[in-house]
Amino acid sequence: DDRPAVAGGKSRPKWKAESDQFRQAMKAARQITEAQKAGIDIRTLHIDSGPELPDDRVPCPHCGRKFAEITAQRHIPSCKNTMNKP
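A quick note: this is a predicted structure, and the numbers were derived from the prediction, not measured.

1. Some remarks on helix α2 (residues 69–80)
With twelve residues, α2 extends 17 Å from end C-alpha to end C-alpha; this agrees with the ideal 16 Å at 1.5 Å per step. Those residues of α2 that sit buried are Ala-72, His-75 and Cys-79. Down the axis, α2 shows its buried residues gathered within 75° of arc, on one side only. Exposed side of α2, more than 90 degrees from the buried face: Ile-70, Gln-73 and Arg-74 are the residues found there. Elements in contact with the buried residues of α2: β1 (58–59) and β2 (66–67).

Have a look at this one:
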């Protein structure tokens, strides 16, 4: 189960965590806009970005890109022989 744990030992779906993170970003954008309109220096604001989502992707050791596990198994051997890496 790849669901991040929450308080109480229950797990919540990935979409719910992503939705909460998106809502936090929207709230932060509103705070910045309001502070700019009020003439407040935005560097003084304390903005909570919310919890980080776990990144379960596998990085390629040759090009540094990240892939799902199955895709990485196909990509890494072919990337090893690629001349022009991104």
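2. Digging into the pattern of salt bridges
Two side chains with opposite charge may pair up if their charged atoms get near one another. Going through the model one piece at a time under the given rule, you end up with one salt bridge. The partner of Asp-41 in a salt bridge is Arg-43, with the nearest N and O atoms 3.3 Å apart.

3. Points about the nonpolar core
Most often, soluble globular proteins have nonpolar side chains that are buried together. Counting five residues, the largest nonpolar core is built from Cys-60, Cys-63, Phe-67, Ala-72 and Cys-79. Apart from the residues lying within four places of it in its own chain, the contact partners of Cys-60 are Arg-65, Phe-67, His-75, Ile-76 and Cys-79.

4. Focus: the side chain of His-75
With respect to the secondary-structure elements, His-75 resides in helix α2. On the basis of relative accessibility, which here comes to 15%, the residue His-75 falls in the buried class. Discounting chain neighbours no more than four positions away, the residues touching His-75 are Cys-60, Cys-63, Arg-65 and Phe-67.

5. Quick notes on the environment of Ala-25
Inspection of the secondary structure puts Ala-25 in helix α1 (residues 14–38). In this structure Ala-25 comes out as partly exposed when scored by relative accessible area, which is 43%. Measuring from C-alpha to C-alpha, the distance between Ala-25 and Ile-47 comes to 9.2 Å, with 22 residues separating the pair along the chain.

6. Comments concerning the confidence of the model for the protein
Averaged over all residues, the pLDDT of the protein is 82; the fraction at 70 or higher stands at 81%. No element of the protein has a lower mean pLDDT than α1, at 90, and none a higher one than β2, at 93.

7. A short note on α1
Helix length check: α1, at 25 residues, gives a terminal C-alpha distance of 36 Å against a target of 36 Å (1.5 Å per residue), a fit within 8%. Within the span of α1, buried status applies to Ala-17, Ala-28 and Ala-35. Directly beyond the C-terminal end of α1, a positive phi value near 80° is found at Gly-39.

Calculation rules
Residues numbered from 1 in each chain as written. Predicted model: local features only at pLDDT ≥ 70, side-chain atom pairs only at ≥ 80, totals over all residues. Heavy atoms only, no water. Helix = DSSP H or I, 4+ residues; strand = E, 2+ residues; numbered from the N terminus. Expected span 1.5 Å × (residues − 1). Buried < 20%, exposed > 50% of the residue type's maximum accessible area, 1.4 Å probe, protein only. Arc of directions from axis to C-beta. Contact = heavy atoms within 4.5 Å. Salt bridge = Lys/Arg side-chain N within 4 Å of Asp/Glu carboxyl O. Core = buried A, V, L, I, M, F, W, Y, C linked by side-chain atoms within 4.5 Å. pLDDT = per-residue confidence, 0-100.

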